[in-house]
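# Chains, contacts and geometry: an overview
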Amino acid sequence: MELVSDVAREQTRARYPDDEGYLDRDGVKVFWESYGEGPATFLLFPTSPISQSRLWKAQIPYLARRYRVLTFDPRGNGRSDRPPDATAYGSWEYVEDGRAVLESAGADRAILAGLCDGGGWALMLASTHPETALGVAAIAPYVPYLTPGHPNYAQYPFEDPLDTDQGWAKYNLHYWRRDFRGFLEFFFSQQLPEPHSTKHIEDCVEWGLGTDPETLALADEEAPLPWRSADEAQAVCERVACPVLVVHGDLDGCQPRERAEAVAALTGGTLVRLEGAGHLPQARHPVKVNGLLRDFAESLAPSGAAQQRWTRATKRRRRALFICSPIGLGHAQRDVAVARELRQLVPDLEIDWLAQHPVTAVLEAEGERVHPMSAELANESGHIESESAEHDLHCFQAWRRMDEILLANFMVFHDVVREEPYDLWIGDEAWELDYYLHENPEEKRATYVWLTDFVGWLPMPDGGEREEFLTADYNAEMIEHIARFPRVRDRALYVGNPDDVVPDSFGPDLPLIRDWTEEHFDFPGYVTGFDPAAFADREKLRAELGYRPEELVCIVTVGGSGVGGHLLRRIVDAFPEAKELVPELRMVVVAGPRIDPAAFPDHDGLEAHAYVHNLYRHLAACDLGVVQGGLTTAMELTANRRPFLYFPLRHHFEQNFHVRHRLERYRAGRALDFETATPAVIAQAIAEEIGREVDYAPVETDGAARAAARIAELL
Amino acid sequence: MTIAVGAPAEQTRARYPDEEGYVERDGVRVFYEVYGQGEPTVFLLPTWSIIHSRHWKMQIPYFARHFRVLTFDGRGNGKAGRPMGGTAYTEAEFAADAFAVLDATRTERAVLVGVSCGALWGTLLAADHPDRVAGAVFIGPAVALAPPHPERSVYSFDDQLGTDAGWAKYNRHYWLEHYEEFLEYFFGRIFTEPHSTKQMEDCVGWGLETDPETLIATEEGLSACGLESFADVCSRVRCPVLVLHGDEDAIRPLAQGAALAEATGGTLVTLEGSGHCPHARDPVKVNLLIRDFVESLERRTPWSS
């Protein structure tokens, strides 16, 4: 298993702190962060230095939209100090660190939340400083001596050399020193026993690698315990006067259920048992845990909304919420086309859009109504851009590393639909919506339609066994979701035809993608978002757009995400040579909103624009398109029967497999490899392809209408 | 429909009381019922005597599974006495009856729920006995904190009128002559929502269990209330308050509910498309709103005091 290097680059967060700093207690620096503001403060305790404050990544963005959220890294990991002395890691030190964070933030009282050790520390603070605690939310709390520990830890001695390193024998100092990563991988696979937890385990291992075996041994095994008897443990719990919420997964491999039950009983708290959950439900079941924390906080510090509104069912207007993926502007254009057709069929339908830049630019230009909560969405395009290298986007990994953003954005969606009754939700590759609805099917409260133009994660050849395993695991989870909860997707629409589906399998022992997709999807055909017949008179169109008859117009466009900057520059570099080969050449470069067009050199016949409205009209009028391997633009060129060059992004499985398969079916476009396509090669290809007659298979023009009809049936 | 003599056969209930009894004050008996034994006690107050405690029939079975429920027939209808004379029907008398029911049922503290006029005695009880009232819910409150609907101020109640069109039916002479027609008109204005036939029939049936003479006395009693001091009463309410008000309430305008929420520092939930008795017409939503409110009080109690 190949995981991250020791100091991995942190993935994009859904939200960054508004304030951060260090506090110093007895020479030990503790790093804290503060997010948001609101009627109450959450202090999210860290846990043992086996982890960092990032363990709350699925909670912070959600809670911070309502409350102030304080986090800190535990001494021994993250950006906090690693004192070399076991006494510096006593439980009371962490309790006091938490209290000091509260104090330095000027927060008198807070909802104290903690996981495992952190849950115990939250209870200890509430017990000894009741004035600081508005409530305690303890997930899988560790309270020493309160009950017998989990049997897992009793199997082997920690300090003695062992003649085995199987199973829990890995919880041993000598093994830690030999293979700390191996220990972390074992330990967290035990704490995340739920199937399909690969990303959560990787996260935990990465955070664990932020410390070292010696520090962890000091903190977890050698530090003084806060007390030495069950009586003392009970007394601490009994002194907790504030409301207490205890959460415990019944597959927890670290803290026994009896301990959670005892905490709840002794504090008069509420125990929520999560069946089928392990030790880290805040990571693996974030929607459920976030809801519990929100409800708990709401009961402690009512948000005080003095006015609410409910509308009798039969008085409600008919409303749809369109959730449009921002990765690639193509979704926006086709979704607008579907929405337009849908309004034809259901004239009283009001459509709101939950979307973000750059999709919102298209929606606003089309006069569509963008829901104001869209402003709360965490930026997906920025993340994708940050994951890309030179014409290279490992989109499967980039998507996995977007898990925090996807969850944060699902919670925004969840807030919207909790407040506003919609009849219909349409998600166009709205992965967060589809995934978390299947994980939390009780949250479905409207008719739901799923749209996509590809099915199946596919491994890139150089990803090796690990990537083959991961893509198959994600595919398997999706297949299981849909088999178990067929009621979640009321309709699934594949934007295309059965022949467009790749012939591959979902993975070992999994079905063929095409068979499964034909069984589970409807096929409205491709949705172009325009009618090519409108451009049959190309001369007129060219005149309208300002292209002269004698010019050979080459449109260069690489989508809205900014990943294509390197390709753009390469093509611009090819311009002088291409211009020599094709003297009538006029090259129009569409840089997209994230690339500055002023950065390109000045050449006669070369022009650059940040944004071109109705780009498809220009593509319909051109003599050659030069594009990335994205589906939408390539299919627009195909529908308009224009010759084009396309460059699939390296490591982008969708562009390399799914799109390419589809374009080959249409006999459309000429694929060039970014690795080998020098400016000279590109110039030569431009000269060969520009203005060429093509024999593409025709693209249907009624896809949007057919998709809308299939949706309207559900209303 | 014939005017019943005595109570018509009551339809089968979803739940029957666990305890029932009478409380007598100054020779006037009121009849109470207790359901369930959860915590806290939810006290469903009487409203205007035109109907009796059965109007809570959509709330009692649900709340009784979660809380202890207390309800009583207010003086003037149901199994309560029908004293004559307006002074027997002031808001202070209703509040005193409610207080007596709390004592008789050994209820230390309760969450009050009142509809329409029930808000008058509910606020009085909450203001005067803060130790006994944990919270209060008012549905379509009939409170003079904002002007009434203009069409309800056109006709005199006491004078002989030359018309019986619309709200001219709200007239003592019309009541004495055409009581059932009045009930049908009045409950038609209560239930402005389409498809409310059963709710109207229920209410007309309960209205027929009292008589026009008694209702005239209640009208005299309520018009004698010291409403000018009502704002002061509201300002003395310390407990959390939830107001539910339909924006199509044809009896009492939404502005009155909004004003009561503001005067008591409470939360207003506007029910779009609802009339005066959403607890009967949209019982699921109202039940859930009240349950959430009651549960939020439970969670708040231990540490807010």
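Going by the structure above, here's the rest.
For the structure given in this document, a descriptive report is provided here. (Residues numbered from 1 in each chain as written. Chains lettered and ligands numbered in written order. Predicted model: local features only at pLDDT ≥ 70, side-chain atom pairs only at ≥ 80, totals over all residues.)

### A look at the overall build of chain B
Which entries qualify depends on this criterion: Secondary structure elements are defined from DSSP: runs of H or I of at least 4 residues count as helices, runs of E of at least 2 residues count as strands, and each element is numbered from the N terminus. As defined in this context, the radius of gyration uses C-alpha atoms, and a globule is described by 2.2 Å times the residue total to the power 0.38. Neighbour density around each residue's C-beta defines its exposure: 20 or more other C-beta atoms within 10 Å make it buried, 12 or fewer make it exposed, and counts between make it partly exposed, where C-beta atoms are placed from the backbone. Residue pairs qualify as contacts under a 7 Å threshold applied to their C-beta atoms, which are placed from the backbone.
Looking only at helices and strands, chain B features 11 helices and eight strands. Computed over the C-alpha atoms, the radius of gyration of chain B is 18 Å, within 12% of the 19 Å expected from 2.2 N^0.38 for a compact globule of 305 residues. Each of the 305 residues in chain B was classed as buried or not, and the buried ones make up 47%. Once local pairs closer than 6 in sequence are excluded, the contacts in chain B between residues at least 24 apart make up 74%.

### Side note on the pairing of strand β16 (residues 522-525) of chain A
Residue and element names in this part refer to chain A. Put simply, the rule is: At least two bridges found by DSSP between two strands are what make those strands a pair. We call a crossover right-handed when, viewed with the strands running away from us, the connection from the first strand over the helix to the second turns clockwise.
By the bridge criterion, two bridges tie strand β15 (residues 491-495) to β16 in an arrangement that is parallel. What sits directly across from Leu493, in β16, is Asp522. Between the parallel pair β15 and β16, the chain is carried across by helix α19 (residues 513-520), and the sense of this crossover is right-handed.

### Quick notes on the environment of B:Val34
Residues and elements named next belong to chain B. In this fold, Val34 is placed in strand β2 (residues 28-35). On a C-alpha basis, the gap between Val34 and Ala146 in space is 35 Å, while along the polypeptide they are 112 residues apart. If near-sequence neighbours (up to four positions away) are discounted, Val34 is found in contact with Pro17, Asp18, Glu19, Arg68, Leu70 and Thr105.

### Looking at helix α9 (residues 257-267) of chain A
Residues and elements named next belong to chain A. Looking only at α9, the buried set comprises Arg259, Ala260, Ala262, Val263, Ala264, Leu266 and Thr267. Against the buried residues of α9 lie α3 (117-128), β6 (133-139), α8 (230-238), β7 (244-249) and β8 (270-274). Looking one or two places after α9, you find Gly268, whose phi comes out positive at around 70°.

### Details of the nonpolar core
Worth spelling out the cut-off: Working definition: the nonpolar core is a set of buried Ala, Val, Leu, Ile, Met, Phe, Trp, Tyr and Cys residues, joined through C-beta atoms within 7 Å.
One finds A:Leu112, A:Leu123, A:Val136 and A:Cys554 to be the most contacted residues of the largest nonpolar core, which totals 217 residues. When sequence neighbours within four positions are dropped, the list of residues in contact with A:Leu123 reads A:Val136, A:Ala138, A:Pro141, A:Val143, A:Val236, A:Cys237, A:Val240 and A:Val263. Counting residues in each nonpolar core, the second largest holds 83 residues, with B:Ala136, B:Trp175, B:Val241 and B:Ile251 among its members.

### Some points on the sheet that holds strand β19 (residues 606-609) of chain A
Residue and element names in this part refer to chain A. Pairing is parallel in the open sheet, where six strands are placed in the order β19-β18-β17-β20-β21-β22. Looking at the sheet topology across the chains shown, the edges are occupied by β19 and β22 (670-671). Bridge analysis of strand β17 (residues 552-557) against strand β18 (residues 585-590) gives six bridges, and the strand direction is parallel. Across the sheet, the residue bridging to Leu552 is Leu585, located in β18.

### Quick look at the interface of chain A and chain B
Which entries qualify depends on this criterion: Charged residues are taken to be Asp, Glu, Lys and Arg, nonpolar residues to be Ala, Val, Leu, Ile, Met, Phe, Trp, Tyr, Cys and Pro, and polar residues to be all remaining types, Gly included.
Every contact between the two is made by 13 residues of chain A and, on the other side, 15 residues of chain B. Residues of the side of chain A that touches chain B, tallied by class, amount to six nonpolar, four polar and three charged. Sheet analysis places strand β9 (residues 307-311) of chain A next to strand β8 (residues 267-272) of chain B, joined by five bridges and oriented parallel. Looking at the pairing, A:Trp310 lines up with B:Leu271 of β8(B).

### Considering the packing of helix α16 (residues 403-419) of chain A against helix α17 (residues 431-439) of chain A
Residues and elements named next belong to chain A. Note the cut-off: As a rule, the C-alpha atoms of each element are fitted with a line to give its axis, helices using only the stretch in contact, and angles between N-to-C directions run from 0 to 180 degrees. Oblique is the label for any angle not covered by the other classes, which are roughly parallel (under 35 degrees), roughly antiparallel (over 145) and roughly perpendicular (65 to 115).
Where α16 meets α17, the axes come as close as 9 Å, and the angle between the chain directions of the two elements is 80°. In terms of axis orientation, α16 runs roughly perpendicular to α17. Residues Leu406, Leu407, Asn409, Phe410 and Phe413 of α16 form the contact with α17, whose participating residues are Trp431, Glu432, Leu433 and Tyr436. In terms of residue class, the contact of α16 with α17 is made up of seven nonpolar, one polar and one charged.

### Description of the sheet that holds strand β1 (residues 19-25) of chain B
If you trace the nine strands from one edge of the open sheet to the other, you get β9(A)-β8(B)-β7(B)-β6(B)-β5(B)-β3(B)-β4(B)-β2(B)-β1(B), paired in mixed fashion. Only two strands of the sheet have a single neighbouring strand rather than two, namely β9 of chain A together with β1 of chain B. Along the sheet, successive strands turn relative to each other by an average axial angle of 20°, direction set aside. Where β2(B) and strand β4 (residues 68-73) of chain B come together, five bridges link them in antiparallel fashion. Note that in β4(B) the partner of B:Phe31 across the bridge is B:Asp73. Against the sheet, helix α2 (residues 91-104) of chain B touches β1, β2, β4 and β5 (110-115) of chain B, its axis set at about 130° to β1(B).

### Focus on the pairing of strand β5 (residues 110-115) of chain A
Residue and element names in this part refer to chain A. Within β5, six of the six residues are buried, which leaves the element mostly enclosed by the surrounding structure. Relative to β5, strand β3 (residues 41-44) runs parallel, the two sharing three bridges. Directly across from Leu44, in β5, lies its bridge partner Ala113. As paired elements, β5 and β6 share six bridges and run parallel to each other. Looking at β6, one finds that Ala110 is bridged to Ala133.

### Digging into the packing of helix α21 (residues 565-581) of chain A against helix α25 (residues 679-689) of chain A
Residue and element names in this part refer to chain A. Stated formally: Left-handed describes a crossing whose near helix is turned anticlockwise from the far helix by less than a right angle; the clockwise case is right-handed.
At a closest axis distance of 8 Å, the pairing of α21 and α25 adopts a crossing angle of 55°. Considering their axes alone, α21 and α25 lie oblique with respect to each other. Considering the relative orientation of α21 and α25, their crossing is right-handed. Together, Arg570, Ile571, Asp573, Ala574, Glu577, Ala578 and Leu581 of α21 and Pro679, Ala680, Ile682, Ala683, Ile686 and Ala687 of α25 make up the contact between the two elements. Looking at the contact of α21 with α25, its residues break down into 10 nonpolar, no polar and three charged.

### A look at helix α23 (residues 631-639) of chain A
Residues and elements named next belong to chain A. Counting buried residues in α23 gives nine out of nine residues, a clear majority hidden from the surface. What α23 keeps buried is the set Leu631, Thr632, Thr633, Ala634, Met635, Glu636, Leu637, Thr638 and Ala639. Those residues of α23 that are buried are in contact with α12 (330-345), β17, α22 (615-621), β20 (624-628), β21 (644-647) and α24 (653-666). Of the residues one or two after α23, Arg641 is the one with positive phi, at around 55°.

### A short note on the environment of A:Trp92
All names here are of chain A. By the element assignment, Trp92 lies in helix α2 (residues 91-104). The exposure class assigned to Trp92 is partly exposed, which follows from the 14 C-beta atoms found within 10 Å. Linking Trp92 and Pro224, residues 132 residues apart in sequence, is a C-alpha distance of 9.3 Å.

### Some thoughts on unusual backbone geometry
In the segment running from A:His357 into A:Pro358, the intervening peptide bond is cis, with an omega of 5°. Structurally, A:Pro358 is set in the loop between β11 (350-354) and α13 (359-365). Following B:Glu39, the chain continues into B:Pro40 via a peptide bond in cis, with omega recorded as -10°. Considering the arrangement of structural elements, one finds B:Pro40 in the loop between β2 and β3 (41-44).

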